[in-house]
Amino acid sequence: MKPLLLLLTLMTFAVQAGLITEERRYEVNGKTYRGYLALDDAAPAPLPGVLVVHEWWGHNDYVRERARMLAELGYAAFAIDMYGDGKTATHPDQAGAFAKASLASLPKAEQRFNAALALLAADSRVDGSRLAAIGYCYGGGVVLHMARAGAQLQAVASFHGSLAPKADPLPAHSPVAIAVFNGAADPLVPAEQVTAFREEMMNANADHLLVNYEGALHAFTNPDADRTAAEFGLPLAYNQAADRDSWQRLQTFLKEKLEPENESAQ
């Protein structure tokens, strides 16, 4: 039996010409999760789909904004919920507890991710053969784990996420293309972890991209990082240059991996 049950599309509203968003609530093994789908209704369907996985703070406005940004690029973007009920944290201790609990059972975490992926793929406006996932911080570690675990994805991209395997390393000749955007000055992802990741990718003969931004700290894509760092004394900082460059590189990466026919036609 599949673990996913779509309960209800709660709301659809226009953000701008063509762009629509939909609140989604769905169940996985009896627990309710909250998702947020964004797409351009004027774009030719079916659209390539991209899951967006939140930071350790949970399913908040930041992950929804990234989903809308992807929708403006022509993707059906689904910001998923790895904690349940769309809950969010307001303190690092709470965020850490949520993140730890969500990954205490990797099989259950994989099931939650795959249920959201199946929901996206089943949408009539989405091309289920062209699917990717991106994640930030906690979410970056999640999408890398799902690539290693053999999720049915063509590509994943991690932004300032943990690079160490949570279980087995990437298998040889994995079909999933991987992009990692990392802050070279991030103490939460030490240089040894970056080196080990490079070796893992080489050993697997993986299709991968690793960009290390000199001087960038953790959470470099999030404009709220400076405020959070000051409030809680965390090693975070927004880096506009790294944010813009990584987003531009993501666009190229997704186009190459999800729209190869367009590339060859040019």
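Coordinates for the structure precede this section.
Here the structure is a predicted model, which is why all the values come from computation and not from measurement.

Definitions and limits used
Residues numbered from 1 in each chain as written. Predicted model: local features only at pLDDT ≥ 70, side-chain atom pairs only at ≥ 80, totals over all residues. Heavy atoms only, no water. Helix = DSSP H or I, 4+ residues; strand = E, 2+ residues; numbered from the N terminus. Rg over C-alpha atoms; globule rule 2.2 N^0.38 Å. Buried < 20%, exposed > 50% of the residue type's maximum accessible area, 1.4 Å probe, protein only. Contact = heavy atoms within 4.5 Å. Areas by Shrake-Rupley, 256 points an atom, 1.4 Å probe, with all protein chains shown as cover. Lys, Arg positive; Asp, Glu negative; His and termini not counted. Charge placed at Lys NZ, Arg CZ, Asp CG, Glu CD. Axes fitted to C-alpha atoms, helices over the stretch in contact; angles between N-to-C directions. Parallel < 35°, antiparallel > 145°, perpendicular 65-115°, else oblique. Left-handed = near helix turned anticlockwise from the far one by under 90°. Nonpolar A, V, L, I, M, F, W, Y, C, P; charged D, E, K, R; others polar. Phe/Tyr/Trp six-rings, centres within 6.5 Å; stacked < 30°, edge-to-face > 60°. Lys NZ or Arg CZ within 6 Å of the ring centre and 35° of its normal. Expected span 1.5 Å × (residues − 1). Polar contact = N/O pair within 3.5 Å; in protein donor to acceptor, adjacent residues only side chain to side chain.

## Describing the overall build of the chain
The secondary structure content of the chain amounts to eight helices and nine strands. For a compact globule of 266 residues, the expected C-alpha radius of gyration is about 18 Å, and the chain comes in at 17 Å, within 12% of that figure. Judged by the C-alpha coordinates and their principal axes, the chain covers about 45 × 45 × 40 Å. A total of 266 residues make up the chain; the buried ones form 51% of that total. Across the chain, contacts joining residues at least 24 apart in sequence account for 64% of those joining residues at least 6 apart. For the chain, the accessible surface area stands at approximately 11,700 Å², while carbon and sulfur atoms represent 52% of it. For the chain, the distance from the average position of its 22 positive side-chain charges to the average position of its 31 negative side-chain charges is 5 Å.

## Thoughts on the packing of helix α1 (residues 61-72) against helix α7 (residues 240-258)
α7 packs onto α1 with a crossing angle of 50° between their chain directions and a minimal axis gap of 12 Å. As the angle between them shows, α1 and α7 are arranged oblique. Two packed elements cross with a definite hand, and for α1 against α7 that hand is right-handed. Seen from α1, the contacting residues are Arg66, Met69 and Leu70; seen from α7, they are Asp243, Trp247, Leu250 and Leu254. The residue inventory of the contact of α1 with α7, partitioned by class, reads five nonpolar, no polar and two charged.

## Let's talk about the packing of aromatic side chains
Tallied over the entire structure, the rule returns 10 aromatic pairs. A cation over a ring is seen here: Arg66 above Trp247, with NZ or CZ 4.9 Å from the ring centre. Against the face of Phe98 rests Lys87, its NZ or CZ located 4.5 Å from the ring centre.

## Observations regarding helix α4 (residues 138-148)
Judged by how many residues are buried, α4 sits mostly within the fold: 11 of 11 residues are covered. Within the span of α4, buried status applies to Tyr138, Gly139, Gly140, Gly141, Val142, Val143, Leu144, His145, Met146, Ala147 and Arg148. Following α4 by one or two positions, Gly150 has its phi on the positive side, about 85°.

## Considerations on α1
The first and last C-alpha atoms of α1 sit 17 Å apart over 12 residues, in line with the 16 Å expected at 1.5 Å per residue. Burial in α1 covers these residues: Tyr62, Val63, Arg64, Arg66, Ala67, Leu70 and Ala71. Contacts made by the buried residues of α1 are with β2 (19-28), β3 (31-40), β4 (47-53), β5 (76-79), β6 (126-136) and α7. Two or three places before Tyr62, at the start of α1, stands the capping residue Asn60, its side-chain oxygen 3.2 Å from that residue's backbone nitrogen. Where α1 terminates, the next one or two residues include Gly74, which has phi positive at roughly 105°.

## A short note on the side chain of Arg125
By the element assignment, Arg125 lies in the loop between α3 (106-122) and β6. Engagement of the side chain of Arg125 in a polar contact is seen with the side chain of Asp123, the distance being 2.8 Å. When neighbours within four sequence positions are excluded, Arg125 is seen to be in contact with Ile20, Glu22, Arg24, Leu37, Leu39, Ala45, Pro46 and Leu47.

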